[in-house]
Amino acid sequence: MENQTVLELFKSAREEGRCLKIAAPMVRFSKLPFRHVVRSWGCELVYTPMIMAESFIASSRARDIEFTTNHHDRPVIVQFAAHDAMELSKAAALLAGKVDGVDINCGCPQRWAIKEGVGAALLKKPELVRDMVKMTRESSGLPVSIKIRTDPDLKETLRLTRLAEEVGVSFITLHGRTALSKPSDPVDFDAIRLVKEHLRVPLVANGDVKQLQDVYDIFNSTGADGAMAARGLLVNPAMFSGYDQTPTECVNDYVYSALQLGTRFEIFHKTLEWMLCEVLNKSDRIHLNGCVSVSGVLQFLRARGFDFRPSERLLPLL
């Protein structure tokens, strides 16, 4: 798999009669250690967290903080948020040869993103998205994808995807909720199926992928080429391997990877809280939440039988 391009991954999955299993870009969480663990436990394509293109091109320090990788971290797609096509293309060019694709965030619904003109704000600017795809392809030489949400008027979604296809977008990820939907609102899989029927490029379905069975159901109901999970993988990074909750070995793999590769304490701590939220009892969840240092977290975990030894599943780290 490591020698395949992103488009070859989609093709192989299609030939096998299934969709690709993908880890979503998650702010704070999709750092190198987490990417390494989900890849080891069945994920086939991973993303970086969303990175602001403006700060990425302005500061080498920002680049060092926002993007870390190694030669085992493939295939990986970097996701950028931007409101300007030139700015985005410059940011993407800085990572040519270091990643396997560039994704444009056109779906973040948070107020700050809309105010900045990034994320879901781009859904109302299809011509700008078209220009972003075109210029980023030209500057980086990399496959370029877009991550979008459904519009209440699906004709607008189809128009956006058509414009992106015209300038060579490699694939599209569609979250089956609108920018105004609540996270608890149902995912519109009929809309995803309709968009898939109109596309020539691969389509990834996003939304409510919480267990491996959901991947099969999405493929059967929509024909999507990929299924992307976010919170489902945070709660259970071994989900794509068929586990109902995070196994002990997966927790050990994450701790080992984070200690070897390095990550900020707040990310390390919060990731473990997510991973163990369905494993620990309420008292232990409160105890873990109260830990204020790496040593405190490690002591807590050791007392509950975790030994931080890498499992046989864990791929090479360095």
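Up top you'll find the structure we're talking about.
As the structure is a computational prediction, the values presented were derived from the model and not from experiment.

Colleague: Outline the overall build of the protein, supporting the account with residue identities and numerical values.
Modeller: Counting its regular elements, the protein contains 15 helices and eight strands. Since a compact globule built from 318 residues should have a radius of gyration of about 20 Å, the 19 Å found for the protein is in line with a globular shape. Referenced to the eigenvectors of the C-alpha coordinate spread, the extents of the protein come out at roughly 55 × 45 × 40 Å. Expressed as a percentage of its 318 residues, the buried residues of the protein come to 54%. With an accessible surface of roughly 14,300 Å², the protein has 49% of that area assigned to carbon and sulfur atoms.

Colleague: Explain the pattern of salt bridges residue by residue, including any values.
Modeller: Counted under the stated rule, the structure contains 20 salt bridges. When the shortest N-O distance is used, the salt bridge between Glu197 and Arg193 registers 3.3 Å. Of the two residues, Glu197 and Arg193 both sit in helix 9 (residues 189-198), four residues apart, roughly one turn of that helix. Relative accessible area serves as the criterion here: at 52%, Glu197 is assigned to the exposed category. Of the charged contacts, one joins Glu266 and Arg264 as a salt bridge, the two residues approaching to 2.7 Å between their closest N and O atoms. Look at the salt bridges and you will find they share partners, linking Glu16, Arg18, Lys21 and Glu44 into a network.

Colleague: Provide a residue-level description of the nonpolar core, including the pertinent values.
Modeller: One finds Phe80, Ile104, Ile146, Phe240, Leu272 and Leu301 to be the most contacted residues of the largest nonpolar core, which totals 82 residues. Per element, the largest residue contribution to this core is five residues, and it comes from helix 12 (residues 248-261). If near-sequence neighbours (up to four positions away) are discounted, Phe240 is found in contact with Lys21, Ile22, Trp41, Gly42, Cys43, Val209, Leu212, Val215, Ala227, Ala229 and Leu233. Formed by 13 residues, the second largest nonpolar core is a distinct cluster that contains Leu9, Leu20, Tyr47 and Met228.

Colleague: Go over the pairing of strand 6 (residues 171-175), please, and point to the residues and values.
Modeller: Counting buried positions over the five residues of strand 6 gives five, a clear majority of the element. Across five bridges, strand 5 (residues 144-149) lies against strand 6 in parallel orientation. Pairing of Ile148 across the sheet is with Leu174, part of strand 6. The handedness of the strand 5 to strand 6 crossover, carried by helix 8 (residues 154-166), is right-handed. Both strand 6 and strand 7 (residues 203-206) contribute to a ladder of four bridges, which runs parallel. Each bridged residue has a counterpart across the sheet, and for Ile172 the counterpart in strand 7 is Leu203. Between strand 6 and its parallel partner strand 7, the chain crosses via helix 9, and the hand of that crossover is right-handed.

What counts and how
Residues numbered from 1 in each chain as written. Predicted model: local features only at pLDDT ≥ 70, side-chain atom pairs only at ≥ 80, totals over all residues. Heavy atoms only, no water. Helix = DSSP H or I, 4+ residues; strand = E, 2+ residues; numbered from the N terminus. Rg over C-alpha atoms; globule rule 2.2 N^0.38 Å. Buried < 20%, exposed > 50% of the residue type's maximum accessible area, 1.4 Å probe, protein only. Areas by Shrake-Rupley, 256 points an atom, 1.4 Å probe, with all protein chains shown as cover. Salt bridge = Lys/Arg side-chain N within 4 Å of Asp/Glu carboxyl O. Core = buried A, V, L, I, M, F, W, Y, C linked by side-chain atoms within 4.5 Å. Contact = heavy atoms within 4.5 Å. Pairing = 2+ DSSP bridges. Right-handed = clockwise from strand over helix to strand, strands pointing away.

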